[in-house]
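Observations on chain architecture
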Amino acid sequence: MTDATVVRVADLGFRYPRQRDDALHEVSCSVGSTEWVGLLGPNGGGKTTLLRLLLGQLVPDTGSIEILGGPPTKKRQRIGYVPQHTGIDPSVPASVLDVVLLGRLSGSTWGPRYSQRDRGLAMAALEETHTADLADRAWRTLSGGQRQRVLIARALASRADLLLLDEPTTGIDIHREKELLRLLEHLNERLPIVMVSHDIALVSHHMDRALWVDRTVREIDARHLDSDSLEHFFHEERV
């Protein structure tokens, strides 16, 4: 790699309690500081598990993970994460700014209260994601595409140096998807991105590299990826 390595995974193994087989086995991979890397693979293959390990939410049984030069648990504040499911109850009367400020909780010296700096960083994240005009809107009134942008703003509010996303284009229309991808291309100019996706065209047109995750991880050529090559790869891996 020509750029600095921000994610380094070596010989990682992980098994959930009471499961007979490893969820991930002998995984080694890396992500450079300028890269946009896609995670592909079958349902249940371990893509979300890998993200959770990178976040420090899970601890590997074997091997090691280094994020931005240290263990994930020590670098959590520098990792922006956009989950597949928001976990935000739509009945809660939260504004968009309230949601984005959640990204400042672990970095705030005020606990559940926010400083002027917290609010400034939250508004800067809204500006960068072109959602500042929504700051006072109720979260429950947003469309799917607007919510995804706001969730990215929440991730950025922590001043993240790495962005992890779990299927962010799911459930949004093609117009909003294009807007979201343009935003991610812009963000990738200043920080690396790792993104789970099932969309082969999206990965091949926008990402630098792709990793196939199915208990283990293997790199595949994102720029020449199509349904035929992926089908061949899938069966090759399962033999």
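Note that residues are indexed from 1 along each chain, following the sequence as it is written. A pLDDT threshold of at least 70 governs which residues receive local features in this predicted model, and a stricter bar of 80 or more applies before side-chain atom pairs are shown or counted, although totals over entire chains, interfaces and linings include all residues. Side-chain metrics rest on all non-hydrogen atoms present in the structure, leaving aside hydrogens and water.

**So, the overall build of the protein**
Spelled out, the test is: Only DSSP runs of H or I covering at least 4 residues are called helices, and only runs of E covering at least 2 are called strands; the numbering of each starts at the N terminus. Three labels apply to residues, based on accessible area from a 1.4 Å probe with only protein chains included: buried if under 20% of the type maximum, exposed if over 50%, partly exposed otherwise in between. The contact definition used throughout considers only heavy atoms, calling two residues in contact when any of these lie within 4.5 Å. Throughout, the Shrake-Rupley method with a 1.4 Å probe supplies accessible areas, and for residues the shown protein chains are the sole cover considered.
Summing up its helical and strand segments, the protein has eight helices and nine strands in all. Put simply, the protein has 239 residues, and 50% of those count as buried. Summarising the internal contacts of the protein: among those between residues at least 6 apart in sequence, 68% fall at separations of at least 24. Total accessible area on the protein stands at roughly 12,000 Å², and carbon and sulfur atoms take up 49% of it.

**Comments concerning the environment of Ala94**
As for its position among the elements, Ala94 is in the loop between β5 (79-82) and α3 (96-101). A C-alpha to C-alpha distance of 7.9 Å links Ala94 and Arg140, two positions 46 residues apart in sequence. Beyond its immediate stretch of four places on either side in the chain, Ala94 contacts Val99, Arg137, Ala138 and Trp139.

**Notes on the sheet that holds β5**
Test applied: A pair of strands is labelled paired if DSSP reports no fewer than 2 bridges between them. With axes taken as lines fitted to C-alpha atoms, and helix axes fitted only over the stretch in contact, angles between N-to-C directions fall between 0 and 180 degrees.
Strands sit in the order β5-β6-β7-β3-β8-β9 across an open sheet of six strands; the sheet is mixed. One side of each edge strand has no neighbouring strand; the edge strands of this open sheet are β5 and β9 (216-220). Across the sheet, the mean angle from the axis of one strand to that of its neighbour is 20 degrees, orientation sign disregarded. Across four bridges, the pairing between β5 and strand β6 (residues 162-166) is parallel.

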